[in-house]
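Residues per chain, in single letters:
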Amino acid sequence: MKELLAKPGFLAPSGTFGADLSYLLAVLFTVMFLYAWVLAKKGLGTQHHKLIFLSMVSMLIYFIGYYYARQLGVLTLEGKEGFGGPEEVYKNVFVPILTTHLILVCLGLIFSIYMIFQGFRACDKIDGEYVLQSRELKSSPKVFKSTMVILASLWAGNQLVLTFIRDKSFAASLAWAIIFGVIALVVFLEKFIEKSLPNGAKRHRILGRATMIIFSLILVTSTLVYLMLYVVYPKT
Ligand code: HEM
């Protein structure tokens, strides 16, 4: 697998097969997401929901597969290995764009997972079709409490498996703690979101548009990173 990914690419002369494939898939998933926005704008709520679901599932499978195949996270942070341009451009242009890209990817992931849950909560299924409901959407204190308890139990169970069965490092535990911490933070923030945007349908439209804008910016920044690494400043 590693050899295949390191083979010459098909988009730019200095790209690798892995980089080109990853860029093309990133474009495909983002375009699917943005097309789901078009479907929502046309009032096709159910098709919109199906496409969002399909793109999220394929994106997650791709991320996990790619991470295992190439240890992408580590490589991306060390982008310098593949950057052949001047030091000032690396420091003042490439690193800020790459950092913005990574921040947007994290935000996009958090927003889209939140939006999927919010979408189900804000909709009723009427005659087999999802329809946004213009009504107050609030989680009861009981639901809020049990969500937090479930999250804490999942984290504790996972931590026990990491420590006693899989014998994982402290870094792995920390990474999982951050993941569970972010989910808990989003559940906690929902209390404030409910106050400022009480109407479920309005909340879905406003935060949904913000999510779509984040995905558009991810497409722009990933294209810039690809162009800088493999077209404008490839390592010779
Ligand atoms: C990542 C997840 C999601 C995002 C980013 C998202 C985004 C959006 C946006 C931006 C709109 C408004 C379109 C506009 O007027 O500009 C919208 C509408 C809508 N969404 Fe979502 N959505 C998501 C998930 C879901 C889910 C899971 C469902 C259903 C279970 C759903 C059902 C709907 C419906 C029914 C509409 C109204 C369409 C109409 O105007 O008739 N969405 N969504």
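Structure: above.
Residue indices follow the written sequence of each chain, beginning from 1 at its first position. Only residues with pLDDT of at least 70 get local features here, since the model is predicted, and only at 80 or more are side-chain atom pairs given and counted; chain-wide, interface and lining totals rely on the full set of residues. Heavy atoms throughout the structure, all of them, feed into the side-chain values; hydrogens and water do not.

Draft legend 1. Geometry of the overall build of the protein. A helix here means a DSSP run of H or I that spans at least four residues, while a strand means a run of E at least two residues long, and both kinds are numbered starting from the N terminus. Looking only at helices and strands, one finds eight helices and two strands in the protein. Listing every helix and strand of the protein by position from the N terminus yields α-α-α-α-α-β-β-α-α-α. Type-normalised accessible area, obtained with a 1.4 Å probe on protein chains alone, sets the label of each residue: buried when under 20%, exposed when over 50%, and partly exposed for intermediate values. Among the 236 residues that make up the protein, the fraction classed as buried is 32%. Note on contacts: a residue pair qualifies if any of its non-hydrogen atoms lie within 4.5 Å across the two residues. For the protein, the proportion of contacts with a sequence separation of at least 24, taken over those separated by at least 6, is 64%. Here, Shrake-Rupley sampling with a 1.4 Å probe gives the accessible areas, and only protein chains in the shown set may cover a residue. Accessible area of the protein: about 14,500 Å², with a carbon and sulfur share of 72%.

Draft legend 2. Quick look at the site of the ligand. Not every one of the 23 residues close to the ligand is listed here, only the nearest: W37, H48, H204, R205 and R209. Under the rule applied, a polar contact is a pair of N or O atoms within 3.5 Å (in protein, one hydrogen donor and one hydrogen acceptor; residues adjacent in sequence only if both atoms are side-chain atoms). At a separation of 2.8 Å, a nitrogen atom of the ligand approaches a polar side-chain atom of H48. Residue H204 places a side-chain N or O atom 2.9 Å away from a nitrogen atom belonging to the ligand. The biggest single contributor to the shell around the ligand is helix 8 (residues 200–232), with six residues. Here a residue is near a molecule or strand as soon as one of its heavy atoms is found within 4 Å of it.

Draft legend 3. Region of interest: the pairing of strand 2 (residues 129–132). Here a strand pair is declared whenever DSSP counts at least two bridges between the two strands. With four bridges connecting them, strand 1 (residues 123–126) and strand 2 associate as antiparallel partners. In the sheet register, I126 faces strand 2, and the bridge partner there is E129.

Draft legend 4. Representation of the side chain of Q159. Structurally, Q159 is set in helix 6 (residues 141–165). Separated by 3.0 Å, the side chains of Q159 and S173 make a polar contact.

Draft legend 5. Region of the structure containing the packing of helix 5 (residues 87–122) against helix 8. For helices, the axis comes from a line fit to the C-alpha atoms of the stretch in contact; other axes are also lines fit to C-alpha atoms, and the angle between any two N-to-C directions lies between 0 and 180 degrees. At their nearest, the axes of helix 5 and helix 8 sit 8 Å apart, and the two run at 150 degrees to each other. The pairing of helix 5 with helix 8 is recorded here as roughly antiparallel in orientation. In this structure, helix 5 meets helix 8 at a crossing whose hand is left-handed. Side-chain classes are defined by residue name, with Ala, Val, Leu, Ile, Met, Phe, Trp, Tyr, Cys and Pro counting as nonpolar, Asp, Glu, Lys and Arg as charged, and the others, Gly among them, as polar. A per-class count over the contact of helix 5 with helix 8 returns 22 nonpolar, eleven polar and two charged. Note on angle classes: values under 35 degrees are labelled roughly parallel, values over 145 roughly antiparallel, values of 65 to 115 roughly perpendicular, and the remainder oblique. The crossing is said to be left-handed when, going from far helix to near helix, the turn is anticlockwise and less than a right angle, and right-handed when the turn is clockwise.

Draft legend 6. Geometry of unusual backbone geometry. The phi torsion at D127 lies on the positive side, around 50 degrees, for a residue other than glycine. In this fold, D127 is placed in the loop between strand 1 and strand 2. With phi around 50 degrees, D167 is a residue other than glycine that occupies positive phi space. You can see D167 is positioned in the loop between helix 6 and helix 7 (170–196).

Draft legend 7. Seen up close, the coordination of the iron atom of the ligand. Within the protein, the atoms that donate to the iron atom of the ligand are H48 (NE2) and H204 (NE2), at distances of 2.0 to 2.1 Å. Note on donors: an N, O or S atom is included if it sits within 2.8 Å of the metal, or within 3.2 Å for Na, K and Ca, and water is never included, so sites can look incomplete. Metal sites are grouped by the angles between bound donors: all angles between 85 and 135 degrees with four donors is tetrahedral, opposite donors over 155 degrees apart with the others between 65 and 115 is square planar for four donors and octahedral for six, and any other pattern is irregular. Considering all six donor atoms around the iron atom of the ligand, angles at the metal cover 86 to 179 degrees and the coordination shape is octahedral. You can see H48 sitting in helix 3 (residues 45–70) and its partner H204 sitting in helix 8, a full 156 residues away along the chain. Here H48 and H204 have matching classes, each one buried.

Draft legend 8. Expanded view of helix 8. With 33 residues, helix 8 ought to run about 48 Å at 1.5 Å a step, and its terminal C-alpha atoms sit 46 Å apart, in line with that. Regarding helix 8, its N-cap is N199, as a side-chain oxygen of that residue lies 2.9 Å from the backbone nitrogen of A201 further along. Given a helix with a known number of residues, its expected span is that number minus one, times 1.5 Å.

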